[in-house]
Amino acid sequence: MSAHTATVPAVPPRSGNRAWAKFRRNRVALLGALIVLVFVAMALFAPLLASHDPFQTSFMTIRKAPSASFWLGTDELGRDIYSRLLFGARASLMAGLVSVVIALIVGVPFGLAAGYFGGWTDSIISRATEALLAIPFLILAIALAAFLGPSLTNAMIAIGVSAAPKFIRLTRGQVLAVKNEDYVQSARALGASDLRIIVRHVLPNVMPPLIVQATITIATAIIAEASLSFLGLGLQPPNPSWGSMLNTAKNFMTQAPWMSIFPGSAIFLAVLGFNLLGDGLRDALDPRQEK
Amino acid sequence: MLRLILRRVLVAIPTLILVSMIVFMLQKILPGDPVLTLAGEERDPAVLDYLRDKYHLDDPLPVQYGAWVLQVAQGDLGKSLRTDVPVSTLIGQKLPVTLQLSVMAMFFAVLVGIPMGIVAAVRKGTVVEMGANVAALSGMSIPNFWLGIILIMVVSVQWQLLPASGYVPPSQDFWLSIKTLLMPSLVLSTAIAAYLMRHTRSAMLEALGADYVRTARAKGVSPRQVVLRHALRNALMPIVTLVTLLFGELLAGAVLTEQVFTIPGFGKLIVDAVFNRDYAVVQGVVLCVAVGFIVMNLLADILYILVNPRLRHA
Amino acid sequence: MKKLNRWGVLLGGALMAASATCAVAQELRIGLQEDPDALDPHRARTYVSRIVFTSLCDKLIDIDNKLQFVPQLAKSWSWSEDNKTLTFKLRTDAAFHDGTKFDAAAAKANLERAMTLPDSMRKTEVASIASVAAPDAETLVLTLKQPDATLLATLSDRAGMMLSPKSFDAQDSGSVARQPICSGPYKFVQRVQNDRIVLEKFDQYYNAKDYHFARLTFLPIPDTTVRLSNLRAGGLDMLERLSPNDVAQAKGDANLKFAPVDGLGFQEVFFNLNNGKRADTNPFKDVRVRKALELSIDREAINQVVGGGIFTPAGQAFPPASPYHSAKFPVPGRDVAKARALLKEAGLTTVKGELAFGNNTTISAIAEMMQAMAAEAGIQLTLRPTEYAALLAEAERGNFEVMIRGWSGRPDPDGNIYSFASCKGSLNDGRYCNAEVDKLLNQARVTPDETQRKALYEQVETILHQDMRNFFLYYQPWPFVLRKNVTGFTPSPDGMIRLKGVALAK
């Protein structure tokens, strides 16, 4: 979980091109983007790339080491790990993406309201946010997932809701920084409605750090889903997800280490990719950060 | 300044109340009758009813909440529904364990993270910096329970160097205690070291670019002196407050690490209690954690105010 | 000064290591699957707490590996002609851990506590006892309301365990659990929840010479892989419930001894026949569909793939270890063609159902195998893994169609069947009800003669096999693993760890 709370001033929209150029020059960030693209491609084209049906059990070939027919070996029910890894990318990436979307949908409006309107609205939202932040993220996610029942959807909701407070705080901070800028003041003076001001002036300038945080939160969400699955609360078998594959694999660490090496590496690489990407985005979008 | 501090403290109180309500509600909406869970295989309807009555599990929610708050105000955090051990005793047994784990993890994290961050800032733009950056991000990206399991298999089973699980308190055997927590704290420290490295680096970069540093350089002060005396001292401020805040992150990481290594600490206590529907324990323990967190945040804020002269008159 | 310190540390370290090895030789460390609940025999509900009690608390009688009753705190016993009075002759040389003597008065106090304590979990077990009398220090007389064939088995378990009456506190029922004072070979020292339970040898035990450890430490380690790793690394001396997929590993490790035993319990698949709304829409309401599901399952494949070879296929409620196991009910093999035929007879080609189960690795794998096997017969099962705590509530509420569930088993056959198959049975979540079965089960409860009882249970099983409220998958084994130097251990079918004669070889 990133403890970064960006305190950078807003970036005027016109510098998009400059940001892109900066990003292109950052080799590490490009590597991150490449990794992310590879995993996205894996997820999208899983049916084409898979060598076997990920659900096909075969009791004759349980726990076989990687070979020509099973490129990454088989699991405890004889299913091909490579194919399950590909389809697992769908679940894990979706977990990452949807959780963040939920966090954004819940977090941003509250943050906007708190920052823009101030006063009691701000007080109430801020106290509630602090209260939620005081409970460790994973505990909150575990309790929610246990309440909702073990499934991928519920895990995503649990993670999304648990991650929302960070976005509330981030958005609010950004709005506070932007609120007194000239263009907002002048729009106010001209009599524009609050909603219009928020949507057309405040929001676009709040976006860049949000994008950065969102990318990094995708990484966090992927690990969170894996953690929930490790505890038995995420996507349930027989559906493949890297986290639940690891959960099963830990019982076979000595007999079939490939069952844990590959899903674990997949989680690691995907998360690394998003972190590198997020880092690169931050460096590109932040005028003050030296690189 | 005192007024500022006082304001901070007052603001924390409604947060505390909200936390207690959230914690309470969370447990109550969990499906699964706690009495059924606690009954395990035995199921005598008369006894189950008696238990429900004894723990007021059928009373309306506000009544239960009120009763709980009253109880806590008197210092009684309740007793575990499962084993009758008082929650405060459980906390007394488990908190020191997680604290020891956290301190050891923080020790390793600081040992590795801060120097790495300094080096990365000073060697800005070189391969060294890029390498350090990728290493830090890798530390943040690796799932810590996976790392833990691999370490157990290699270090405990293959090489037989360290115990695979369990915990021994330092009062019983100091070095053995360190040994039992060595792998878990290393696992826990990877993510923290990564954050520390990155924050140190960016704080150092900011400090290095500041005017007073350029002045020092112009005056002919050696680069090393610049780094150590001027930049580092100013970079330490945000790092210090970050360290205070990271203890919260440590607890979250401890949850999984304690599961994997079977350390009888705080994190494991919470997870077990959630799965066992042991309401009393979850409520008491999470409340404790939240209070601790709020207090920690408060301290960090106060520290920041005290150390940063510019904020004192805000 | 520095040098002295260094030598001091080395010497201290060597001494510590030496004393550690000395202490280790006298200590037995046992890895448990979960943390026991309240350490009060009258209130405890878990299997693992019974393991701790085996060393901590003596009981009136015990059972041997043939499931025959043998004396422990009671030297002998006898029934009256009408089977309504049970008289025990008790030991006179037994003492509680707090020094008080064990006698009939103490036994009476214990039984009355089991009967009357508000949150006593033993109430239904001892419901047949009308009154308890202690005419003299050696004699205990139980007067029953009606004959009860299950009573001796009950008294060989927690209901028969003896606590020191001095430790009973009328105000605080939890005090016993925090500091249990019994009269077994080991006494309670310390408990850290979710970490360890420590027992120390009770030197005044009447058979103290048979117990060779000074200290017992029970360590709950829920993760099966970590538990085994601990054992292999030498952090434990034995463990219970090895995960079946580690069987090959345990057998292949020269430092370990694999000691499994067929248990008394089972894993069953049962149906919601009459519990709430979901019973009405349950596609398995038709008995032919239920039979078809059973016929599509290959128990032996489950045994091999998931069970590591130790999941003995089951076809009835009583395992082979029990004298009530009947040859009349062989385990059905897989027959997909017949399954399909049955479905056709019921007017269906495909059936869609939902299988609920607790989400641990082993059961998940079994459920997935069942899903794959049933699909070949035209039965499409969606899997619904549920966290254990929620599963119990779901079962009770009737929110399921088919469910996989386990039972740890009881020495008395009634314990394996009554709660499940009687109309008001506390574990009968499918709400199966057949008056004839109830009549026979109740009759079996009051019939002491083994042959007659067996005949009654065979009648019950015949009806149950026709009605198919469930089918059995396998009998739960108790797979113990020990380090090579642990000698003298024989696993018991009830899964308890009896430490008489067990020692560490040099």
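Just above sits the structure.
Just so you know, these numbers come straight off a predicted model, no measurement behind them.

Visitor: Help me understand the state of the cysteines, please; the structure alone is not making it clear to me.
Guide: Formally, a disulfide is one covalent bond, and it connects the sulfur atom of one cysteine to the sulfur atom of another. Residue and element names in this part refer to chain C. Taken as a whole, this structure holds 2 disulfides over all chains when the rule is applied. There is a disulfide in this structure between Cys57 and Cys182, and the S-S distance comes to 1.9 Å. Its S-S torsion of approximately 70° makes the covalent link between Cys57 and Cys182 right-handed. Of the two residues, Cys57 is situated in the loop between α2 (47-56) and β2 (61-63) and Cys182 in the loop between α5 (175-178) and β8 (186-192); the sequence distance between them amounts to 125 residues. By relative accessible area, which is 0% here, Cys182 ends up buried. Between the sulfur atoms of Cys423 and its disulfide partner Cys433 the distance amounts to 1.9 Å. Between Cys423 and Cys433, the S-S dihedral sits near 95°, and the bridge is therefore right-handed. Taken as a pair, Cys423 in the loop between α14 (413-421) and α15 (435-445) and Cys433 in the loop between α14 and α15 lie far apart in primary sequence, 10 residues in all. Take Cys423: its relative accessible area is 21%, and that puts it in the partly exposed class. Exposure remark for Cys433: the relative accessible area of 52% places this residue in the exposed category. Taking only the cysteines that form disulfides and numbering them from first to last, chain C has the pattern 1-2, 3-4.

Visitor: What should I look at first to understand the pairing of strand β6 (residues 129-136) of chain C in this one?
Guide: Both faces of the sheet carry side chains from a regular strand, because those side chains alternate between them. For β6(C) and strand β7 (residues 139-144) of chain C, the ladder comprises 5 bridges, and the chain directions are antiparallel. Bridge pairing links Ser131(C) to Thr143(C) in β7(C).

Visitor: Explanation requested: empty space enclosed by the protein in the structure shown.
Guide: Residues and elements named next belong to chain A. Taken as a whole, this structure holds 12 cavities of 30 Å³ or more when the rule is applied. The space that makes up the second largest cavity amounts to roughly 110 Å³. Lining the second largest cavity are 13 residues, with Arg79, Arg84, Ser244, Met245 and Thr248 sitting closest to its centre. Of all the elements, helix α10 (residues 242-249) adds the most residues to the lining of the second largest cavity, at 3 residues. By residue class, the composition of the lining of the second largest cavity is 5 nonpolar, 3 polar and 5 charged.

Procedures and definitions
- Residues numbered from 1 in each chain as written.
- Chains lettered and ligands numbered in written order.
- Predicted model: local features only at pLDDT ≥ 70, side-chain atom pairs only at ≥ 80, totals over all residues.
- Heavy atoms only, no water.
- Disulfide = S-S within 2.5 Å.
- Helix = DSSP H or I, 4+ residues; strand = E, 2+ residues; numbered from the N terminus.
- Buried < 20%, exposed > 50% of the residue type's maximum accessible area, 1.4 Å probe, protein only.
- Pairing = 2+ DSSP bridges.
- 1 Å grid on protein atoms, 1.4 Å probe; cavity = no way out; pocket = protein on both sides within 12 Å on 5 of 7 lines; lining within 4 Å.
- Points joined across faces, edges and corners; volume = space filled by probe spheres on them.
- Nonpolar A, V, L, I, M, F, W, Y, C, P; charged D, E, K, R; others polar.

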